[in-house]
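Chains, contacts and geometry: an overview
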Amino acid sequence: MQSLRMIEDWPVPNAATAVVRGADGAVLGEHGAQERLFPLASVTKLLTSYAVLVAVEEGVFELDDPAGPEGSTVRHLLAHTSGLAFDEHRTMAEPGTRRLYSNAGFDVLADTLTKAAGINFAQYAAEAVFEPLGMRETLINTAHRSPAGAGGLSTAADLARFAAELQAPTLLDPSTVRAATREVAYPGLSGVLPGFGHRRPNDWGLGFEIRGEKSPHWTGTANSPGTFGHFGQSGTFLWVDPVAGVACVALTDRDFGPWAAEVWPLFNDAVLAELRG
């Protein structure tokens, strides 16, 4: 895919890589070092969320089990509606009333799973998600880092495997994935989309941001409202567009900033335009 060569012009210090995968699992295009390890930042939340959903299906706990602040549940934490602050274990709102994007909430999720399953969250994620999908280089280091972002490391090749799973689930019932990625959890809530400001509404599923009608946005203007995924502060993103039947991963070694808000949408539009032929 010629559109993927656009990453060569991104203002990154050393490395950028991208891969596009179809709904049938086929790799439609790739550019850059597919096996290079990159810090994922908040793209890690997608992997954390998937591990939590596997735990739900395995009966470790339920989505509506208590977790976090009083009145909050696993579901609230996944949907960023627990009321917890961004990076502090401080309650700022009643559960279910505001979309407060919270790294602290994902720390609580990992701790909740660790206690309920009786094994370390990082080990659970590896055994439940990474190993079955052949994501051999991926890890979440919870020893000194957060499962909300800073602890995640992966490659474009591994995330392409994860993107294929999101499009044709093998580890979860497809209905679980649809609920997490295509159904807005607590519809109508507004909140801040990191890097882009306040959005009304700020649609989110269970761990997955849903594009909806947000504008501007880090995906492209041609991405359907049903597009879901996440971007990371380390200059990374993964999205799946179920209407286009395609997923895209991009990893870089430059932190997110105005440069990314400018070039990512143009890149994503070019990818979709090339796929449309």
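Worth saying up front: this structure is predicted, and the values here are computed from it rather than measured. Numbering of residues starts from 1 in each chain and follows the order in which that chain's sequence is written. Local features in this predicted model are restricted to residues of pLDDT 70 or higher, and side-chain atom pairs are both shown and tallied only at a pLDDT of 80 or more, whereas totals for entire chains, interfaces and linings draw on every residue. Based on all heavy atoms of the structure, the side-chain values leave hydrogens and waters out of the count.

1. What about the side chain of Thr 81?
Quick reminder of the rule: A run of H or I in DSSP becomes a helix once it reaches four residues, and a run of E becomes a strand once it reaches two; helices and strands are each numbered from the N terminus. Under the scheme applied here, a residue whose accessible area is under 20% of the maximum for its type counts as buried, over 50% as exposed, and between as partly exposed, the area being computed with a 1.4 Å probe on protein chains only. In this description, contact between two residues means that some pair of their heavy atoms is separated by no more than 4.5 Å.
By the element assignment, Thr 81 lies in the loop between helix 2 (74-78) and helix 3 (103-117). Judged by relative accessible area, Thr 81 falls into the buried class, the value being 0%. Residues in contact with Thr 81, not counting those within four places in the same chain, are His 76, Glu 94, Pro 95, Gly 96, Arg 98, Arg 99, Tyr 186 and Leu 189.

2. A short note on the pairing of strand 2 (residues 27-31)
Quick reminder of the rule: Pairing between two strands requires that DSSP report at least two bridges joining them.
Across four bridges, the pairing between strand 1 (residues 16-22) and strand 2 is antiparallel. Residue Arg 21 lies in a different strand from strand 2, and its bridge partner there is Val 27. A loop of four residues connects strand 1 with strand 2, the two strands running antiparallel in sequence, and Gly 25 in this loop sits at a positive phi of about 90 degrees.

3. What about helix 1 (residues 44-57)?
This is how the line gets drawn: Multiplying 1.5 Å by the helix residue count minus one yields the expected span of that helix.
Taking 1.5 Å per residue as the helical rise, helix 1 with its 14 residues ought to reach 20 Å, and the 20 Å between its terminal C-alpha atoms agrees with that figure. Extensive coverage of helix 1 is indicated by the burial of twelve of its 14 residues. Listed as buried for helix 1 are Thr 44, Lys 45, Leu 46, Leu 47, Thr 48, Ser 49, Tyr 50, Ala 51, Val 52, Leu 53, Val 54 and Ala 55.

4. Some points on the pairing of strand 9 (residues 228-232)
The side chains of a regular strand alternate between the sheet's two faces. Judged by how many residues are buried, strand 9 sits mostly within the fold: five of five residues are covered. Residues Phe 228, His 230 and Gly 232 point to one face of strand 9 and Gly 229 and Phe 231 to the other, with burial holding for every one of them. In the sheet, strand 9 pairs with strand 10 (residues 236-241) via five bridges, with the strands oriented antiparallel. Each residue of the ladder has a partner; that of His 230, found in strand 10, is Leu 238. Where strand 9 folds back onto strand 10 in an antiparallel hairpin, the turn is made up of three residues, including Gly 235, whose phi is positive at roughly 90 degrees.

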